[in-house]
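A closer look at the structure
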Amino acid sequence: FGAQTFTSYEVVNSGTNLYGQSPLQMNPLTSPYDEDGTMIQYPGGDPLLYNPLYHLDDITKESRIIKTYGTVFGKLKDIFTEGLGFETRFSYDLSVRRNGAFEGALTYSRKNSTAVASNEYVMPTHWVWDNLLTYNKSFNKMHRVNIVAGMSAEESRAESLALAVRDLHYEHAEFYNPAIGEEIT
């Protein structure tokens, strides 16, 4: 008999594609700040080039994943009679994933609109149970009988829940409390 298991916890902060936006198109001599140190929405006066620094603080994309998988197994030999054996193995795979996303009102995609946030929870599960009944017998040193009977059961399932909101007026909540948004999308 035996068992083995593996569990992992992962946090992925993917944020935004800062380099795919305005910085590569902007004049390198243009300052993203005014004289008071406040960020300028359109540095250099170009209405097509939005200040990319807004994306650093105002876009959050985070995934948290807990995953565990393992196997429990056992083997019996010579049960009831010589040569009769039984093996069983149960394997499972379980994960829980939360994806959160937030875009503040001053990001390029929102352009002074209200903030948006979303949360998604996903829980896929999978298990397999295998059983083998074996019989091995030798006769007169010349004959051998090997019989195997097996049974296997398997199930896969995934559950998910998602919520997205607009008009999130308290931006510090990001995606952690979407209930404060005014409109569910």
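The notes below deal with the structure included here. Bear in mind the structure is a predicted one, so any value in this text is a computation, not a measurement. (Residues numbered from 1 in each chain as written. Predicted model: local features only at pLDDT ≥ 70, side-chain atom pairs only at ≥ 80, totals over all residues. Heavy atoms only, no water.)

Counting residues in hydrophobic clusters, the biggest one holds six residues: Phe102, Ala115, Ala117, Val165, Leu168 and Phe175. Those residues within four positions of phenylalanine 102 in sequence are excluded, and the remaining contacts are Asp58, Ile59, Thr60, Ala115, Val116, Ala117, Leu168, Glu171, Glu174 and Phe175. (Core = buried A, V, L, I, M, F, W, Y, C linked by side-chain atoms within 4.5 Å. Buried < 20%, exposed > 50% of the residue type's maximum accessible area, 1.4 Å probe, protein only. Contact = heavy atoms within 4.5 Å.)

Turning next to the pattern of salt bridges. Within the structure shown, the criterion is met by six salt bridges. A salt bridge links glutamate 159 to arginine 157, with the nearest nitrogen and oxygen atoms 2.8 Å apart. Relative accessible area serves as the criterion here: at 38%, glutamate 159 is assigned to the partly exposed category. Among the ionic contacts, a cluster of salt bridges with common partners joins Glu62, Arg64 and Arg98. (Salt bridge = Lys/Arg side-chain N within 4 Å of Asp/Glu carboxyl O.)

To continue, consider the pairing of strand E3 (residues 84-103). Across 18 bridges, strand E2 (residues 59-76) lies against E3 in antiparallel orientation. Among the inter-strand pairings, lysine 61 is bridged to a residue of E3, identified as alanine 101. Both E3 and strand E4 (residues 115-139) contribute to a ladder of 18 bridges, which runs antiparallel. Bridge pairing links aspartate 93 to histidine 126 in E4. (Pairing = 2+ DSSP bridges. Helix = DSSP H or I, 4+ residues; strand = E, 2+ residues; numbered from the N terminus.)

Now for unusual backbone geometry. For phenylalanine 80, which is not a glycine, the phi torsion comes out positive at approximately 65°. Mapped onto the secondary structure, phenylalanine 80 falls in the loop between E2 and E3. Exposure remark for phenylalanine 80: the relative accessible area of 85% places this residue in the exposed category. Not every positive phi belongs to a glycine, and glutamate 174 is a case in point at roughly 45°. Mapped onto the elements of the fold, glutamate 174 is located in the loop between strand E5 (143-168) and strand E6 (183-184).

Before going further, it helps to spend a moment on the packing of aromatic side chains. To describe a pair of aromatic rings, you give the distance between the ring centres and the angle between the ring planes. Within this structure, the stated rule accounts for three aromatic pairs. Ring centres of phenylalanine 6 and tyrosine 69 lie 5.4 Å apart, and the angle between their planes is 50°; on these two criteria the pair is classed as tilted. Taken together, the positions of phenylalanine 6 in strand E1 (residues 2-13) and tyrosine 69 in strand E2 put the pair 63 residues apart, joining distant regions of the chain. (Phe/Tyr/Trp six-rings, centres within 6.5 Å; stacked < 30°, edge-to-face > 60°.)

In this structure, serine 95 sits in strand E3. Setting aside anything within four residues of it in sequence, one finds serine 95 in contact with Ile66, Lys67, Val122, Met123 and Pro124.

Mapped onto the elements of the fold, glutamate 159 is located in strand E5. Between the alpha carbons of glutamate 159 and valine 122 there is a distance of 5.8 Å; along the sequence they are 37 residues apart. In contact with glutamate 159, other than residues within four places in its own chain, are Tyr121, Val122 and Met123. A polar contact is formed between the side chain of glutamate 159 and the side chain of arginine 157, at a distance of 2.8 Å. (Polar contact = N/O pair within 3.5 Å; in protein donor to acceptor, adjacent residues only side chain to side chain.)

In this section: the sheet that holds E6. Adjacent strands of a sheet pair through backbone hydrogen bonds, lying either parallel or antiparallel. Reading across the sheet, the six strands line up as E1-E2-E3-E4-E5-E6 and stay open at both edges, with antiparallel pairing between neighbours. With partners counted over all chains shown, the strands left at the sheet margins are E1 and E6, one partner each. Bridge count for E5 against E6 is two bridges, and the pairing is antiparallel. Along E6, the bridge assignment pairs arginine 166 with glutamate 183.

Read these as geometric descriptors, not functional statements.
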